[in-house]
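# Residue-level structural notes
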Amino acid sequence: MVPVVRYFGLHRIVARVFGGDITPAEEVLGPGDDADVAIVGGIHGDEPSGVRAVREVLDSSTNLQRPIQLVVANPPAVASHRRYIDADMNRVFPGDPASEDRERRLAAALLKTISDCGVVLSLHSTHSYDDPIALVSRSHPEVQALAARLPVSHVVDQTPCFEGAFATSAPVLTIEAGRTRTEEATENARQIVEAFLQLVDALPGEPVETDSTYYTMTEAVSTQPDANYDLLVDNFEVVEPGTTVARSDRGEYVADSSFVPILMSETGYDDILGYKGAVAGETLSSARNAWGVSPTPRN
């Protein structure tokens, strides 16, 4: 038995290895034991802002009004400060409990861990953008409704591009809190956690809502192996045809059609520059029309 110890919230959560296997680390805080709301951090081990943010909110919030399940999804990657060990966990859902890859086993275990939860907040950070971004799936209108009430300016349907993502397998609201390993990302994540807990009636009060723009991811932009890129456009600023999007030591990438850059960065991914997108609407209703989503009766 080998303990991997990390702080999450007010408690030490210990993930133990039994017979070489590892499970997500979890804890329930607040009154009662049957949590149907969860907050997940540590899917990527090199993105610490989510774990830190939850700790800060809960350190200052002693009046939780319902039980909240806290989960560190990938303890070995968090312990080693690496994005992943065997495979990118956010690309292998629903996972496989019999896989040789640790992340595939962890993905399957995480879905089991949060199976009783009606909604899940999953916290990430990014190399591409300073402000928080909400990522949703068109399969979960209840998650879209929550995203629309959070203090975020950009809400993105990731469905066409993120095959194997956590949010495509469960009712998950994913937040990219800001640039990884910055205090700003931790503070952004802290504000999002507090607002989320208010929306699910775990903390008193109402979050300050922000006018959001809604987008659809349309395709990934591939990079050439071993090329070094300089990104020349800004995320969420419309790129017109003929614009030089990026330069590398192997040439230029010039836009052949209009698009909105989403999560584009020189260093964020191994084999892509980021994603192209399109505006879906300025309201949740118009975005749902573009996504082909019928609203739930309560929204």
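Preceding block: the structure.
Below: a short report on this structure. Predicted model only: the values in this text are computed from it and were never measured.

## Points about the packing of helix α1 (residues 49-59) against helix α5 (residues 183-199)
Here α1 crosses α5 at 55 degrees, and the two axes come no closer than 8 Å. With respect to α5, the element α1 is oriented oblique. For α1 against α5, the interelement crossing comes out right-handed. Residue-level inspection shows S49, R52, A53, V54, E56 and V57 of α1 in contact with α5, the latter providing A185, T186, A189, R190, V193, E194 and L197.

## Quick notes on helix α4 (residues 141-148)
Note: α-helices contain 3.6 residues per turn, so residues at a spacing of three or four share the same orientation. Burial within α4 is extensive, with 7 of its 8 residues counted as buried. Residues of α4 that are buried include every one of P141, V143, Q144, A145, L146, A147 and A148, and no others.

## So, the packing of aromatic side chains
Summed over all chains, the structure comprises 6 aromatic pairs. Relative to F166, the ring of F93 lies with its centre 4.9 Å away and its plane at 20 degrees, an arrangement referred to as stacked. Of this pair, F93 sits in the loop between α2 (75-80) and α3 (102-113) while F166 sits in the loop between β8 (154-157) and β9 (172-179), placing them 73 residues apart in sequence. A single burial state applies to F93 and to F166, both of which are buried.

## Points about the environment of A108
Secondary-structure assignment places A108 in helix α3. A relative accessible area of 17% places A108 in the buried class. Sequence separation between A108 and G95 is 13 residues, and the spatial gap between their C-alpha atoms is 4.5 Å. Not counting residues within four places of it along the chain, the set of residues in contact with A108 comprises P94, G95, D96 and P97.

## Observations concerning the pairing of strand β7 (residues 133-136)
Burial of the side chains of β7 extends over both faces: I133 and L135 are buried on one face and A134 and V136 on the other. Bridge analysis of β7 against β8 gives 4 bridges, and the strand direction is parallel. For I133, the partnering residue across the bridge sits in β8 and is H154. In this fold, β7 hands off to α4, which returns the chain to β8; that crossover is right-handed. As defined by bridge partners, β7 adjoins β9 across 3 bridges and the pair is classed as antiparallel. By the bridge assignment, I133 is partnered in β9 with E176.

## Quick look at the sheet that holds strand β3 (residues 25-29)
One open sheet accounts for 10 strands, arranged β3-β5-β4-β6-β9-β7-β8-β10-β15-β14; its pairing is mixed. Edge strands, defined here as strands with exactly one partner in the open sheet, are β3 and β14 (260-262). Going across the sheet, the axis of each strand differs from the next one's by a mean of 30 degrees, ignoring polarity. Where β8 lies against strand β10 (residues 213-222), 4 bridges are found, and the strand directions are parallel. By the bridge assignment, H154 is partnered in β10 with T213.

## Points about unusual backbone geometry
A cis amide bond links F93 to the next residue, P94, at an omega of 10 degrees. Within the secondary structure, P94 is located in the loop between α2 and α3. Positive phi, close to 55 degrees, is recorded for L263, a residue that is not glycine. Topologically, L263 is positioned in the loop between β14 and β15 (272-281). For L263, a relative accessible area of 1% puts it in the buried group.

The rules behind the values
Residues numbered from 1 in each chain as written. Predicted model: local features only at pLDDT ≥ 70, side-chain atom pairs only at ≥ 80, totals over all residues. Heavy atoms only, no water. Axes fitted to C-alpha atoms, helices over the stretch in contact; angles between N-to-C directions. Helix = DSSP H or I, 4+ residues; strand = E, 2+ residues; numbered from the N terminus. Parallel < 35°, antiparallel > 145°, perpendicular 65-115°, else oblique. Left-handed = near helix turned anticlockwise from the far one by under 90°. Contact = heavy atoms within 4.5 Å. Buried < 20%, exposed > 50% of the residue type's maximum accessible area, 1.4 Å probe, protein only. Phe/Tyr/Trp six-rings, centres within 6.5 Å; stacked < 30°, edge-to-face > 60°. Pairing = 2+ DSSP bridges. Right-handed = clockwise from strand over helix to strand, strands pointing away.

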